[in-house]
Amino acid sequence: MHQFHYVGNKLQCEGVGLDTLVKKFGTPLYVYSQATLENHFHKLDSAMKPIDHLVCFAVKSNSNLSVLRTLANCGSGFDIVSVGELMRVIKAGGDPTKCVFAGAAKTEAEIEFAMRQNVFCFTAESEPELVRINKVAARLKKIAPVAVRVNPNIAAKTHAKITTGTYEDKFGIAFELIEGVYARAAKLKNLRLRGVQMHIGSQITETTPFEKAVQKMLPLVKKLKARHGIEFFSIGGGLGIVYKPALESGSPAWWKSAAAKKILTPQKYADKLLPLLQPLGLKILMEPGRFICGNAGVLVTHVEYVKRTGRKNFVIVDAAMNDLIRPAFYEAYHQILPLAKKNAATISSDVVGGVCESGDYFCKDRPLPKFTEGEHLVLMSAGAYGFVMASTYNTRPLTAEILVSGKKFAAVRERQKVEATWAGENVAKWLK
Ligand code: LLP
């Protein structure tokens, strides 16, 4: 579900025409729907209602202060991976005591800061990290709450670059070693073994990998509860979203209904997982990012040129891989819609940016309406891992971000000025 719809022939976000936003703020432009963020949070939160749980939004997926504030207002906790993310959460009015601090490379300074903020738990990814957290806690005369990230060695059936729960991946500690790790950690005086965590990957569109991983974890989790009195089990994030809607023009009806059946909804997820999790009698944490914000954002871009060369029709736009890297990095699919609907014949097109890399494309050989210079295109489902992965490569300033709520809108990030891309740089004295 999302709140981007055509009204007449114009694409709107909630009650605001994207053309209005383009006129006011220019392009490339990220636009987020507050109602979609809230709706997705509440859907997952209410599907899990039968058990004691906490949804911890994965800040890495979209860390804009207004997005975080929206979710904090919904009662969300946060999954953070750096002190920077923790500081953002605090700045946005989120509650540090509802934060789980993951990440494989926490520095002493980060651990100390997080401990002083009383984070809910550290998710440790290695034994040396447990030792380090214990050391910092002892220095601060505190007891640090920790969970260990278990690598359950379950294939997530997703893109290789976003699978995290197999022994090929750097994440967590191997399943077979966990009991020993907890036994040793129990001897570290300044640690409190508060929970256990797993995360098998991202953009998982079936329930089976989640079920398999939870089933594999259950006996271990029970043992850890009995031996160490753990209080929670975090089942990670990873819920996939629909990037390729069945409503794409030309899809036959049978395909649309088959596709609808395949969509992973919070209810399907909860129906499969709750019966497994409920008997544990533990608090269940979830760390969804993409599910909450993926379809809540789009990237609007302007067609600069159309170039027909060789066998190709290149639509050259003002957004590029530095603004949205997912197609270049993961061969990710983002639906591309015209801001103003049109009935033009379709033509096989490559939509590309202006960065000097052949990987700088948003789609290749995709049948799209024939676009012309001056039109605007909308890259859908760009709310997760979109702006947060942006860079200033080719000295392209970071885009603006807009939050829409009903008929209201606000620039929740101003467009970066080009001078700001070299702020903090200096010409070495001897070069002057
Ligand atoms: N928890 C942990 C420990 C994670 O590593 C991640 C994502 C999440 C939660 C949130 O996963 P989600 O619910 O959003 O799937 N940049 C990639 C995705 C990288 C995911 C990294 N970890 C992309 O654009 O597809």
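Small disclaimer: the values here were computed from a predicted structure and weren't measured. (Residues numbered from 1 in each chain as written. Predicted model: local features only at pLDDT ≥ 70, side-chain atom pairs only at ≥ 80, totals over all residues. Heavy atoms only, no water.)

Colleague: Tell me about the pairing of strand β8 (residues 121-124), residues and numbers included.
Modeller: What you see with β8 is no split at all: Cys121 and Thr123 on one side and Phe122 and Ala124 on the other are buried throughout. With two bridges connecting them, strand β7 (residues 99-101) and β8 associate as parallel partners. Across the sheet, valine 100 pairs through a bridge with cysteine 121, a residue of β8. Once you follow β7 into helix α5 (residues 108-116) and on to β8, the crossover reads as right-handed. For the segment spanning β8, helix α6 (residues 127-139) and strand β9 (residues 144-151), crossover handedness is right-handed. (Buried < 20%, exposed > 50% of the residue type's maximum accessible area, 1.4 Å probe, protein only. Helix = DSSP H or I, 4+ residues; strand = E, 2+ residues; numbered from the N terminus. Pairing = 2+ DSSP bridges. Right-handed = clockwise from strand over helix to strand, strands pointing away.)

Colleague: I'd like to hear about the site of the ligand, residue by residue, with values.
Modeller: With respect to spatial proximity, 19 residues lie near the ligand, and among them Ser202, Glu287, Arg326, Tyr330 and Tyr385 are the closest. Residue arginine 326 places a side-chain N or O atom 2.6 Å away from an oxygen atom belonging to the ligand. Within the side chain of tyrosine 330, one N or O atom sits 2.6 Å away from a nitrogen atom of the ligand. Computed on the free molecule, the ligand has an accessible area of 580 Å², of which 92% lies beneath the protein chains in the complex. Class assignment of the residues belonging to the shell around the ligand gives a composition of six nonpolar, seven polar and six charged. When residues of the shell around the ligand are assigned to domains, at least three map to each of domain 1 (34-287) and domain 2 (295-422). (Near = heavy atom within 4 Å. Polar contact = N/O pair within 3.5 Å; in protein donor to acceptor, adjacent residues only side chain to side chain. Areas by Shrake-Rupley, 256 points an atom, 1.4 Å probe, with all protein chains shown as cover. Nonpolar A, V, L, I, M, F, W, Y, C, P; charged D, E, K, R; others polar. Domains from an automatic or database assignment.)

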